[in-house]
Amino acid sequence: MNLSFENLKKSYQLGDKSYLALKGISTTFSEPGLVSLMGPSGSGKSTLLHCLGLIDSADEGIIHFEGKRIDNLSDDQKSKFRLVSFGFVFQSYHLIPTLSVIENVALPAVYKSRNLKKSYEMADSLLQRVGLEEFKKRRINQLSGGQRQRVAIARALVNQPKIIFADEPTANLDSKTSEAVLDMFQDIIKEQKIMALISTHDNAVAKRSDHIISMLDGQLEGMV
Ligand SMILES: Nc1ncnc2c1ncn2[C@@H]1O[C@H](COP(=O)(O)OP(=O)(O)OP(=O)(O)O)[C@@H](O)[C@H]1O
Ligand SMILES: [Mg+2]
């Protein structure tokens, strides 16, 4: 696993002004494990996750994954790349409320493999893993916040990604549920040698991290 980026810059247009949310940042991640991205609200954490996950484009800078440049791919190539190599636990990547739990989890695998049977088998085993086997036929809007978060994690894992990007995955959970979700998440990423880059304000996440990156005002303050 190797993800690196150099001189990443991203600005947002606000009326006739532009706001620089990422101010030319660089770093390399070369090991699987849990990396927390911490920093005050507005420091650029979500923006960085969106750019690295190829959901949004940076204005400048280069991103390499496994030695291959990925920031300059076409939109189609980016979608394919996301499907094959990345998993997302994002608030903006909503679960689909009208589908059942298992349908939500299987969906990315169906897109990727076009094999319904295999996709549902994979989704089924992940739902067992996250402790939601008995809820698999329910619709998303019949689940609690913590259960939805576990569905989102199962869905992020279904295509066996190399990297998971998670934007404040424990933000809406009580501390006990959050610990349980994190235990499970940590076990899986360790087992499958995934790198998880998690933006968070939650010390329970930070405590479990292999590395912590601090962001301040669009800059990386360092990694420990
Ligand atoms: N779509 C947008 N249009 C304009 N400005 C934006 C947009 N998205 C983010 N910003 C600005 O860019 C900066 C970085 O935002 P970002 O969402 O990356 O912060 P964050 O570190 O994730 O904060 P939080 O901890 O509150 O989630 C902020 O000042 C924010 O107001
Ligand atoms: Mg954010």
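Relevant structure appears above.
Residues numbered from 1 in each chain as written. Chains lettered and ligands numbered in written order. Predicted model: local features only at pLDDT ≥ 70, side-chain atom pairs only at ≥ 80, totals over all residues. Heavy atoms only, no water.

Participant: How should the sheet that holds strand S1 (residues 3–14) be read in this particular structure?
Facilitator: The pairing of strands in a sheet happens through backbone hydrogen bonds and is either parallel or antiparallel. One open sheet holds the four strands; their spatial order is S2-S1-S4-S5, and the pairing between them is antiparallel. The strands lining the two open edges of the sheet, one partner per strand, are strand S2 (17–29) and strand S5 (68–69). Where S1 and strand S4 (residues 60–65) come together, five bridges link them in antiparallel fashion. Each bridged residue has a counterpart across the sheet, and for Phe5 the counterpart in S4 is Ile63. (Pairing = 2+ DSSP bridges. Helix = DSSP H or I, 4+ residues; strand = E, 2+ residues; numbered from the N terminus.)

Participant: Can you help me understand the site of ligand 1 in this one?
Facilitator: The local shell around ligand 1 holds 14 residues, among which Ser41, Gly42, Lys45, Thr47 and His201 are the closest. Glu168 is positioned such that a nitrogen or oxygen atom in its side chain is 3.3 Å from an oxygen atom of ligand 1. A distance of 2.8 Å separates an oxygen atom of ligand 1 from a polar atom in the side chain of His201. For ligand 1, whose unbound accessible area comes to 630 Å², protein coverage reaches 64%. Elements supplying a minimum of two residues to the shell around ligand 1: S1, S2 and helix H1 (45–52). (Near = heavy atom within 4 Å. Polar contact = N/O pair within 3.5 Å; in protein donor to acceptor, adjacent residues only side chain to side chain. Areas by Shrake-Rupley, 256 points an atom, 1.4 Å probe, with all protein chains shown as cover.)

Participant: Which parts of the structure should I look at to understand the pattern of salt bridges?
Facilitator: Where charged atoms from two side chains of opposite charge come close, those side chains can pair. With the rule as written, the count across this model stands at 11 salt bridges. In this structure, Lys23 and Asp217 form a salt bridge, with 3.3 Å as the shortest nitrogen-oxygen distance. Pair noted here: Lys23 is in strand S2 and Asp217 is in the loop between strand S9 (211–216) and strand S10 (219–223), with a separation of 194 residues, a long-range link. Residue Arg208 is joined to Asp183 by a salt bridge in which the shortest nitrogen-to-oxygen separation is 2.9 Å. Pair noted here: Arg208 is in helix H7 (residues 203–208) and Asp183 is in helix H6 (residues 175–191), with a separation of 25 residues, a long-range link. If you follow the salt bridges from partner to partner, you end up with Glu179, Asp183, Lys207 and Arg208 in one network. (Salt bridge = Lys/Arg side-chain N within 4 Å of Asp/Glu carboxyl O.)

Participant: I tried to follow the packing of aromatic side chains on my own but got confused; where do I start?
Facilitator: The relative placement of two aromatic rings is captured by the distance of their centres and the angle of their planes. Considering all chains together, one arrives at eight aromatic pairs under this definition. Their ring planes at 80 degrees and their centres at 5.2 Å tell us that Phe81 and Phe86 sit as a pair that is edge-to-face. Of the two residues, Phe81 and Phe86, both sit in the buried class. Taken together, the aromatic side chains of Phe65, Phe81, Phe86, Phe88, Phe90 and Phe165 make up a single cluster linked through ring pairs. (Phe/Tyr/Trp six-rings, centres within 6.5 Å; stacked < 30°, edge-to-face > 60°. Buried < 20%, exposed > 50% of the residue type's maximum accessible area, 1.4 Å probe, protein only.)

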